[in-house]
Each structure stands twice: as structure tokens, then as C-alpha cells.
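Observations on the three-dimensional arrangement
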Amino acid sequence: MKKRHLLAPTLVALAALSLSACSADTTGEASSESGLTYTVVKNVDLVGSPTYDAAKKAGTVRIGVKEDQPGLGYLDAATGKRSGFDIEVARWIAASLGFDDSQVQYRAIPSANREAAIVNDDIDFYVGTYSITDKRKEQIGFAGPYLVTGQGLLVVKGEKGISSEADLAGKTVCSATGSTPVQNIKQNFPDTRTTEFDTYSQCVTAMLDGKADAVTTDQAILIGYAAQRPDELAVVGEPFSVEKYGIGVAKEDAALRHFINATLTDGGAQWKAIYEATLGKSGTTISQPPVDDYS
Ligand code: GLU
């Protein structure tokens, strides 16, 4: 990819862009339903990022997301609006790069296809419950972490007698292909069967159809499904892994990674506002941005 070196701006002009929940979206992509607004930075001080240079030239930033994970990355089919913590983080980062909502193109990409989407330059970055792992880092780079959660279990209330991971022997758990939770089950729970789909919402449907005894993925995701059907579904047990969510970027684009890290580092108040408008409403108790060395 051809690099275009930008001159460092001498003057940084910040302009607040007012975006309402029902603002028209010129790309045809749905905007968020949170009502949160972000400052769209006018003179972005980012030199040496091929991803940013190409996005700026195109006038569009392409962000990979999930759209079936309520509270994190969700698309309401009826309203066409997106919602959730990850969607808001995506909008925040886009604004810090100078792109307003009308310039954001969301692409739904399932867990198994994320590295390929970044490597193949189908997206500029990915924000979607994406755990930072050394194996993934062989192919891509991660900014963050921006949220820490852990693997949990979702069950149909009153069925199957599962109250923690200690009860999984002889059971079938459903998870997404290519995810860290399904790998954990395969490696560390030899007496547990797995069934896989592209997405966790497919797992929830399979469990409600009696085809799995539990759904496993990060607790923050499962809490969103339980909140949708509180009479039927319950999250049980304590988190049994540590999942640090990062923003996936091209491996060679250290400049973009550093830029996003700087935005996250300076954005504690923004993080809290996002948390309260999204995950905080569905009963998660994370409440603090992770303190980490973003270098
Ligand atoms: N955070 C885990 C992962 O990145 C599970 C959630 C997901 O599949 O997005 O694999």
C-alpha cells in the first residue's frame, strides 16, 4: 500500500459535531441509537498510517463489528440503528480520526473471519468483543485493551443442572467458531462436547431448541442475551478466563495502533459515558476502563 506522509498540523481545530439519534446517514449505514455525541477532530495528527491515509482519501472509514450481541454490538433490524459498547467505541475512535457518522461504514464480521478481514484490508479496524491473544497477534495488531471480561455460561433457567463450569462434564456447550471460549473448552474440558456456529445468537437459538445444554462466551456478551429474555435465560457461575478486548488493526500499522491507544488513554470520561449508556444498563459491573500499558 502506498504511504502518504502527512505534515504535522500546526493548529488543531476541534469542532463538536452535533449528531442526533435520528440523523440522516449518507452512506446508508445505520447510526447509533445511544444519543451519545463525539467530537469529530478536524486536523488529525496521525503520520505514517497507511490505513488512515487510505481512509481519508476515500472519505470513509470501514469498521468491522458484531451485530447480534445486545449491549456490545447490535443492529436493530426494525429501526436500522446500531447500539452497544463496541459500536460507541467504534464511533468514538472514528471521530478521533476525523470521521463523522455519515462517513462510517460498518461491516458485520463473525469471530472466525476477523484476522482475514484485517489482513485482506476489507476493513480499517475491528471493534467487536475481540480478545487480545498472542496467536492473533501473529497476524494482526491490537490497540487497547479497552474492556476486560471473562468466559461465562448461559443456560435455560431451571434446566440441565449447570451452575458453573464445574458442571460441564457430559454436557454439550455451544460457542462461536474461531473464538477463545470454544478453544478453552476443547483444550481444558475433555469431557465436554462442543457445537459451533458463526455467531452466539445462533447458539442461543440452538440451546432454546434443545440442541445444546449451555452457551459459552464472554460474560459481558451473555448478560446481553439474558437481559433480552430474563424469564428464560440466566448467566451462571463466575468468569473462568480473562478476556481483554482490543481493537484489531493491520499488523504493520503501528502508527494507527499508537493513535488509538492515545485516544483510549486520554478518554476515561468518554469511556464512562459510553459504559453508562450501554453495558451499564444491562447489569454488567465492570464500571472502570482497564488500566494497562498501551505501548
Ligand atoms: N472474546 C472472545 C474472542 O475474541 C469471544 C467473543 C467473540 O467471539 O467475539 O474470541
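Everything below is about the structure shown above.
Residues numbered from 1 in each chain as written. Predicted model: local features only at pLDDT ≥ 70, side-chain atom pairs only at ≥ 80, totals over all residues. Heavy atoms only, no water.

**Re the layout of surface pockets**
For the record, the criterion: Using a grid of 1 Å spacing that covers the protein atoms alone, one calls a set of points a cavity when a 1.4 Å probe fits there but cannot get out, and a pocket when the set is open and has protein on both sides within 12 Å along at least five of seven lines; lining residues are those with an atom within 4 Å of a point. Grid points are joined across faces, edges and corners, and a volume is the space filled by probe spheres set on the points. Three classes are used, and their members are as follows: Ala, Val, Leu, Ile, Met, Phe, Trp, Tyr, Cys and Pro are nonpolar, Asp, Glu, Lys and Arg are charged, and the others, Gly among them, are polar.
The calculated volume of the largest pocket comes to roughly 250 Å³. Lining the largest pocket, in full, are Glu 33, Ser 34, Pro 70, Gly 71, Tyr 74, Ser 83, Gly 84, Ala 277, Thr 278, Lys 281 and Ser 282. Class assignment for the residues of the lining of the largest pocket results in three nonpolar, six polar and two charged.

**Quick word on the site of the ligand**
Here is the rule we go by: Note on definitions. A residue lies near a molecule or strand when any single heavy atom of the residue is within 4 Å of it. Contacts described as polar in this section are N or O atom pairs within 3.5 Å, which, within protein, must combine one atom able to donate a hydrogen with one able to accept it, while residues neighboring in sequence count only if both atoms come from side chains. What sets the accessible areas is the Shrake-Rupley method with a 1.4 Å probe; for residues, cover comes only from the shown protein chains. A molecule is said to be in a cavity or pocket once over half of its atoms fall within 2 Å of that pocket's grid points. Going along the chain from the N terminus, every DSSP run of H or I of four or more residues is numbered as a helix, and every run of E of two or more is numbered as a strand.
Surveying the vicinity of the ligand reveals 17 residues, the closest of which are Ser 111, Thr 129, Ser 131, Tyr 200 and Asp 218. Contacts to the ligand include Ser 111, whose side-chain N or O atom sits 2.6 Å from an oxygen atom. The side chain of Arg 114 places a nitrogen or oxygen atom 2.8 Å from an oxygen atom of the ligand. The fraction of the free accessible surface of the ligand (280 Å²) that becomes covered by protein chains is 100%. Most atoms of the ligand, that is more than half of them, are within 2 Å of grid points of the largest cavity. Residue assignment for the shell around the ligand shows that the elements contributing at least two residues are α5 (180–188), β13 (214–218) and β15 (243–250). For the shell around the ligand, the residue count by class is five nonpolar, seven polar and five charged.

**Structural notes on the environment of Val 182**
Definition in use: The contact definition used throughout considers only heavy atoms, calling two residues in contact when any of these lie within 4.5 Å.
In this structure, Val 182 sits in helix α5. Discounting chain neighbours no more than four positions away, the residues touching Val 182 are Ser 175, Ala 176, Thr 194 and Glu 196.

**A short note on the sheet that holds strand β10 (residues 151–156)**
Basically, it comes down to this: By this definition, two strands are paired if DSSP reports at least two bridges between them. Between N-to-C directions, angles cover 0 to 180 degrees, with each direction set by a line fitted to C-alpha atoms, over the stretch in contact for helices.
With mixed pairing, the five strands of this open sheet are ordered in space as β12-β11-β13-β10-β14. The open sheet terminates on both sides in strands that have one partner only, identified here as β12 (193–197) and β14 (233–236). Each neighbouring strand pair of the sheet contributes to a mean axis angle of 35°, computed without reference to strand direction. For strand β11 (residues 172–176) and β12, the ladder comprises five bridges, and the chain directions are parallel.

**Describing the nonpolar core**
Rules: Within this scheme, the nonpolar core is defined by two criteria: the residues are buried Ala, Val, Leu, Ile, Met, Phe, Trp, Tyr or Cys, and they are joined through side-chain atoms within 4.5 Å. Under the scheme applied here, a residue whose accessible area is under 20% of the maximum for its type counts as buried, over 50% as exposed, and between as partly exposed, the area being computed with a 1.4 Å probe on protein chains only.
By size, the foremost hydrophobic cluster in this structure holds 57 residues, and its most contacted members are Ile 63, Phe 85, Leu 97, Phe 125, Tyr 146, Leu 154 and Ile 247. The leading source of residues in this core is helix α2 (residues 85–96), at eight residues. If sequence neighbours within four positions are ignored, Ile 63 has contacts with Ala 90, Ala 94, Val 104, Gln 105, Tyr 106, Arg 107, Ile 123, Phe 125 and Val 127. Grouped together as the second largest cluster of nonpolar side chains are 10 residues, Leu 153, Phe 189, Ala 214 and Val 236 included.

**Here we look at the packing of aromatic side chains**
As a reminder, the rule being used: Two rings from Phe, Tyr or Trp (for Trp, the six-membered ring) form a pair when their centres are within 6.5 Å of each other. A pair whose planes differ by under 30 degrees is stacked, one over 60 is edge-to-face, and the rest are tilted.
Under the counting rule described, the total for this entry stands at eight aromatic pairs. Each ring, one from Phe 85 and one from Tyr 146, has its centre 6.1 Å from the other, and the planes form 5°; the classification is stacked. Placement of the pair is Phe 85 in helix α2 and Tyr 146 in strand β9 (residues 140–149), with a sequence separation of 61 residues. Tyr 146 shares its class with Phe 85; the two are buried. Geometrically, the ring pair formed by Phe 189 and Phe 240 is edge-to-face, given 5.8 Å between the ring centres and 65° between the ring planes. In this pair, Phe 189 sits in the loop between α5 and β12 while Phe 240 sits in the loop between β14 and β15, placing the two residues 51 residues apart along the sequence. With respect to class, Phe 189 is no different from Phe 240; both count as buried. One aromatic cluster is present, built from ring pairs that chain together Phe 85, Tyr 146, Tyr 245, Trp 271 and Tyr 275.

**Brief notes about the side chain of Glu 243**
The cut-off we apply is this: When charges are counted, Lys and Arg are positive and Asp and Glu negative, with His and the chain ends excluded. Take a side-chain nitrogen of Lys or Arg and a carboxyl oxygen of Asp or Glu: if they are within 4 Å of each other, that pair is a salt bridge.
By the element assignment, Glu 243 lies in strand β15. Although Glu 243 lies buried, it forms no salt bridge, and the closest oppositely charged side chain, Arg 136, sits 6.0 Å away as judged by the N-O distance. Within the local environment of Glu 243, its side chain forms a polar contact with the side chain of Ser 131, the two groups lying 2.6 Å apart. Other than its neighbours up to four places away in sequence, Glu 243 contacts Ser 131, Leu 147, Val 148, Thr 149, Gly 150, Gln 151, Thr 180 and Asp 218.

**Describing the state of the cysteines**
Formally: Criterion for a disulfide: a pair of cysteine sulfur atoms at a distance within 2.5 Å.
In total, this model carries one disulfide according to the counting rule given. A disulfide bridge connects Cys 174 with Cys 203, and the sulfur atoms are separated by 2.1 Å. One quick way to see it: the torsion about the S-S bond of Cys 174 and Cys 203 is about -75°, and its sign makes the bridge left-handed. In this pair, Cys 174 sits in strand β11 while Cys 203 sits in helix α6 (residues 200–208), placing the two residues 29 residues apart along the sequence. Overall, the relative accessible area of 0% leaves Cys 174 in the buried class. Cys 203 sits in the buried class, given a relative accessible area of 0%.

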